[in-house]
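Residue-level listing of the chains:
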Amino acid sequence: RGPIGPFPASPHLSPGRAGSERNPERAQGPARQLASPGVRQKRQRRASVPWGPAMCPQSAAGGGRAAPRARSVCRLLTRRAHGFYARDAGVAHRQNLGLLRQIMCQESTKFKNVWTTHSASPIAYERGRIYLDNYQCCISSIAQEPRILYEKPKCSKSEKIEDALLLECPLGEMLPSPSDYKPSLIVLTVQNWLLRLSADSGEILEKIYLAGSFCKFRYLSWDIPQEVMVVKSAQNKLPAAARQAGIQQSILFYLAVFQVLPLSFIGMLEINKKIFGNSVTDVAVSNGILIVMYSMGLVRLYNFQAISEQFMEQPFDLGHEFNWNGQVGVVGKYPFGLPCNIKITDTPPLLFEASSLENAFQIGGYPWHYIITPNKKKHKGVFHICSLKDKALAKNGIQAMKCCSLEPDWIYFHPDMSGRIIHVGPNLIKVLKLKEVKNNTDQTEVAEDFTIVANRENCVNNTVTVTASGRVVKKRFNLLDDDPEQETFKIVDYEDELDLLSTVAVTQIGADGRAHLDFHCNEHGILLKSIPLLESWDVTYSHEVYVDKDLVLHIEQKPNRRFSCYVYQMVCDTAKDDECSSHEKTERVFCKKGGRIFEYI
């Protein structure tokens, strides 16, 4: 507590990832991908203020107090980067993560497959927890050997979980219930129930009924990560008999918006054909923006906060009685659910619109830019990077990889909030950056920061070969750039706590595919570590790979709804240590070495 009142020890700077501290120039502005809320928000970097919020070093040393003065966030960040505030808990945490990164990237460090499971239902992973059997079984992957946290009885089809989000406690806020300070899981059931479950025990903490049978809610997403949540319904479609009878359906989607921790109802609105048009195919809310997508590739952005303020008929609180359109009930309780209290009666002011192939639209960078693909099929794989301010194409803003492949390349703003752009092709990863054009500060140029190239040294693609008998054979076609026999990039992700760029490359060897996970320096792209994945990798299956500090997790979906999960954990291993364990993965072996006891599984 200083002269101006209480000051939090470690106030967070942003709701998501912070900019890179190794290069402050890359932390100039936020980068948000409006159409992809799925990027994991795992950590909040913090800054703290020494000597109290309004005391200079001299006053702190002498025990006196100085007059309050304004503090500059930029000054605090600069001093922290120079090594000040060594007693700050955030500094110790960053140092520990730096040590972990060094240990992980050592040559002697290995990643071993310590656990494998198979399931007939989808497998999900969130923050050290593996969920099986439609979230009925939760397994902790943090322990040396994965263990069951809880297992609930098998639920009926009416209780099936459609979607889920992990909810974590915000920093520096007082919450009404002690259970709010622990992680919880928000799930949406097929019967329109929204449940908040304890992440450690599966106990139901809160229960909200959304709506009756007139709409089916199916999807959960973040508007603002860990702050505002959106529940979206499936698209309303009339039965064929009703359409033949001439019955019209004007309401396409319902959106219910909640503030989380404590869970409170903001409002529910409907997306109506009469307001937004007949060709609406999808809708989303992200970062305070209502995004409406159309069948012809058009994307329109509206200010969601302005819409809720202008068209909200009446605010409601969960658990309170209400009288709405002749119905009397309790908000969030069965059978009434939630009232649709945001009625859009007129087209709201348009913020921005763009036309893009398959509605692919992203916003990010500094200054703000957006990425689209021209709305013609012949331009698939061509990306335009334009200024959000005036829609002007940036210099070198047309990005297209000259590749011939079955799967198209993809592009997105770097999730490290540096404003950079990642462009991934079959054998090449380009990290791009935005910078001002010399002698023209109003124009932005797209420049290459670094590239990562697949290892294809042993690949020879000769169009003419000579057989042992001397016969000349000419090939009528060349190999595709993503041919299975050549090393091809399949996954690119960012581990924000260790500041590592992870890539998965796959090569088909005979009947089996072999994959390896590589760690690259996020600043310069230098290869730091390569980890072979032991299981066979079929490129026709769906794969997900998670890197969570010293844990690597691979989820594979095979045909006929067969799912597999492979867990790798870091071990500092040597050849002598391998000799100590003759029954690896089947029993625990304790090896005494140098006065210390090591446990191997």
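All residue numbers refer to positions counted from 1 along the written sequence of the respective chain. Only residues with pLDDT of at least 70 get local features here, since the model is predicted, and only at 80 or more are side-chain atom pairs given and counted; chain-wide, interface and lining totals rely on the full set of residues. Side-chain numbers come from the whole structure's heavy atoms, not from hydrogens or water.

What about the overall build of the chain?
Part 1: Helix numbering and strand numbering both begin at the N terminus, where a helix is a DSSP run of H or I of at least 4 residues and a strand a DSSP run of E of at least 2. In terms of helices and strands, the chain carries seven helices and 38 strands.
Part 2: Relative to its full complement of 601 residues, the chain shows a buried share of 47%.
Part 3: The contacts in the chain between residues at least 6 apart in sequence include a share of 50% that link residues at least 24 apart.
Part 4: Of the roughly 31500 Å² of accessible surface on the chain, a fraction of 51% belongs to carbon and sulfur atoms. When a residue's accessible area, from a 1.4 Å probe over protein chains only, is under 20% of the maximum for its type it is buried; when over 50% it is exposed; and in between it is partly exposed. Any two residues having at least one pair of non-hydrogen atoms within 4.5 Å are treated as being in contact. For every accessible area listed, the method is Shrake-Rupley and the probe measures 1.4 Å; residues are considered covered only by the protein chains on display.

Looking at the environment of isoleucine 289
Part 1: With respect to the helices and strands, isoleucine 289 occurs in strand S15 (residues 289-294).
Part 2: Separated by 14 residues in the primary sequence, isoleucine 289 and asparagine 303 have C-alpha atoms spaced 5.1 Å apart.
Part 3: In this structure isoleucine 289 touches Ala284, Leu301, Tyr302, Phe304 and Leu351, once residues within four positions along its chain are discounted.

Re helix H2 (residues 73-81)
Part 1: When H2 is considered as a whole, its buried residues turn out to be Leu76, Arg79 and Arg80. One side of H2 carries all its buried residues, which in axial view fall inside an arc of 100°. Our arc is simply the arc of the directions from the helix axis toward the C-beta atoms.

Concerning the pairing of strand S20 (residues 361-364)
Residues in a regular strand point their side chains to alternate faces of the sheet.
Part 1: Neither face of S20 is open: one carries Phe361 and Ile363, the other Gln362 and Gly364, and all of them are buried.
Part 2: In this scheme, strands are said to pair when DSSP sees at least two bridges between them. When S20 meets strand S21 (residues 369-372), the two strands line up antiparallel, connected through four bridges. Of the residues in S21, the one forming a bridge with glutamine 362 is isoleucine 371.
Part 3: Counting the residues between successive antiparallel strands, the hairpin from S20 to S21 contains four residues, one of them, glycine 365, with a positive phi of roughly 80°.

A few points about the sheet that holds S15
Part 1: In spatial order, the strands read S14-S15-S16-S19; together these four strands make up an open sheet with antiparallel pairing. Strand pairing shows two members of the sheet lacking a second neighbour, strand S14 (280-286) and strand S19 (350-355), which therefore form its edges. Geometrically, the sheet is characterised by an average inter-axis angle of 20° between neighbouring strands, direction not taken into account.
Part 2: Direction of pairing for S14 relative to S15: antiparallel, over a ladder of six bridges. Angular values range over 0 to 180 degrees, each being the angle between N-to-C directions of two axes fitted as lines to C-alpha atoms, with helices fitted over their stretch in contact.

Focus: the pattern of salt bridges
Part 1: Criterion for a salt bridge: a side-chain nitrogen of Lys or Arg within 4 Å of a carboxyl oxygen of Asp or Glu. All chains considered together, the criterion is met by 13 salt bridges.
Part 2: In this structure, aspartate 180 engages arginine 196 in a salt bridge whose closest nitrogen and oxygen atoms are separated by 2.7 Å. Linking aspartate 180 in the loop between strand S6 (161-167) and strand S7 (184-189) with arginine 196 in strand S8 (residues 193-198), this pair joins segments that are 16 residues apart in sequence. The exposure classification of aspartate 180 matches that of arginine 196, with both residues buried.

Overview of the packing of aromatic side chains
Part 1: Ring geometry is summarised as follows: Phe, Tyr and Trp rings, the Trp one being its six-membered ring, pair when their centres sit within 6.5 Å, and such pairs are stacked at plane angles under 30 degrees, edge-to-face over 60 and tilted between the two. Considering all chains together, one arrives at 14 aromatic pairs under this definition.
Part 2: Between phenylalanine 214 and tyrosine 254, the ring centres sit 5.4 Å apart and the planes meet at 70°, which makes this aromatic pair edge-to-face. Of this pair, phenylalanine 214 sits in the loop between strand S9 (204-209) and strand S10 (217-224) while tyrosine 254 sits in strand S12 (residues 251-259), placing them 40 residues apart in sequence.
Part 3: For phenylalanine 214, a relative accessible area of 46% gives the class partly exposed.
Part 4: Taken together, a centroid distance of 6.0 Å and an interplanar angle of 35° make the contact between phenylalanine 352 and phenylalanine 361 tilted. In this pair, the class of phenylalanine 352 matches that of phenylalanine 361, namely buried.
Part 5: Placement of a charge over a ring requires the Lys NZ or Arg CZ to be within 6 Å of the ring centre, with the centre-to-atom vector within 35 degrees of the ring normal. In this structure, lysine 207 packs its charged tip against the face of tryptophan 193, placed 4.7 Å from the ring centre.
Part 6: Arginine 300 extends its terminal NZ or CZ atom over the ring of tyrosine 294, reaching a point 5.1 Å from the ring centre.

Quick notes on unusual backbone geometry
Part 1: Put simply, leucine 261 and proline 262 share a cis peptide bond, and its omega is -5°.
Part 2: Here proline 262 is to be found in the loop between S12 and strand S13 (264-272).
Part 3: Of note, the phi angle at leucine 261 is positive, near 50°, even though the residue is not glycine.
Part 4: Considering the arrangement of structural elements, one finds leucine 261 in the loop between S12 and S13.
Part 5: On the accessibility criterion, leucine 261 (6% relative accessible area) is buried.
Part 6: The phi dihedral of glutamate 358 falls on the positive side, at around 55°, and the residue is not glycine.
Part 7: As for its position among the elements, glutamate 358 is in the loop between S19 and S20.
Part 8: We classify glutamate 358 as exposed; its relative accessible area is 59%.

Digging into the sheet that holds S8
Part 1: Spatial ordering of the open sheet is given by S6-S7-S8-S9, a layout of four strands whose pairing is antiparallel. Every interior strand has two partners, whereas the edge strands, S6 and S9, have only one. Each strand of the sheet is rotated relative to its neighbour by a mean of 20°, with strand direction disregarded.
Part 2: Where S8 and S9 come together, five bridges link them in antiparallel fashion.

Observations regarding the side chain of serine 418
Part 1: Within the secondary structure layout, serine 418 lies in the loop between strand S24 (410-413) and strand S25 (421-424).
Part 2: Overall, serine 418 belongs to the buried group, its relative accessible area being 11%.
Part 3: Here a polar contact is taken to be a pair of N or O atoms separated by no more than 3.5 Å, where protein atoms must pair a possible hydrogen donor with a possible acceptor and residues adjacent in sequence count only if both atoms sit in side chains. Within the local environment of serine 418, its side chain forms a polar contact with the side chain of aspartate 416, the two groups lying 2.6 Å apart.

Some words on the nonpolar core
Part 1: In plain words, nonpolar cores are sets of buried Ala, Val, Leu, Ile, Met, Phe, Trp, Tyr and Cys residues tied together by side-chain atoms within 4.5 Å. Residues Leu194, Leu210, Phe217, Met229, Val231 and Phe258 are the most contacted members of the largest nonpolar core, which totals 30 residues.
Part 2: Elements that contribute at least two residues to this core include exactly S6, S7, S10, strand S11 (228-233), S12, S13 and strand S17 (321-324).
Part 3: At four residues, S12 tops the list of elements feeding residues into this core.
Part 4: If we skip the residues at most four places from it in the chain, leucine 194 touches Ile186, Val187, Leu188, Glu206, Lys207, Ile208, Leu210, Leu220, Met229, Val231 and Phe258.

Here we look at the environment of isoleucine 291
Part 1: If you trace the backbone, isoleucine 291 turns up in strand S15.
Part 2: Taking the C-alpha atoms as reference points, isoleucine 291 and leucine 301, separated by ten residues in sequence, lie 4.8 Å from one another.

A look at helix H6 (residues 304-311)
Part 1: Taken together, the buried positions of H6 are Phe304, Ile307, Ser308 and Phe311. Across the axial projection of H6, the buried residues extend over an arc of 95°, all falling on one side. Exposed positions of H6 whose direction lies more than 90 degrees from the buried face are Gln305, Glu309 and Gln310.
Part 2: Close packing links the buried residues of H6 with S12, S13, S14, S15 and strand S16 (298-303).
Part 3: Two or three places before glutamine 305, at the opening of H6, asparagine 303 has a side-chain oxygen 3.0 Å from that residue's backbone nitrogen.

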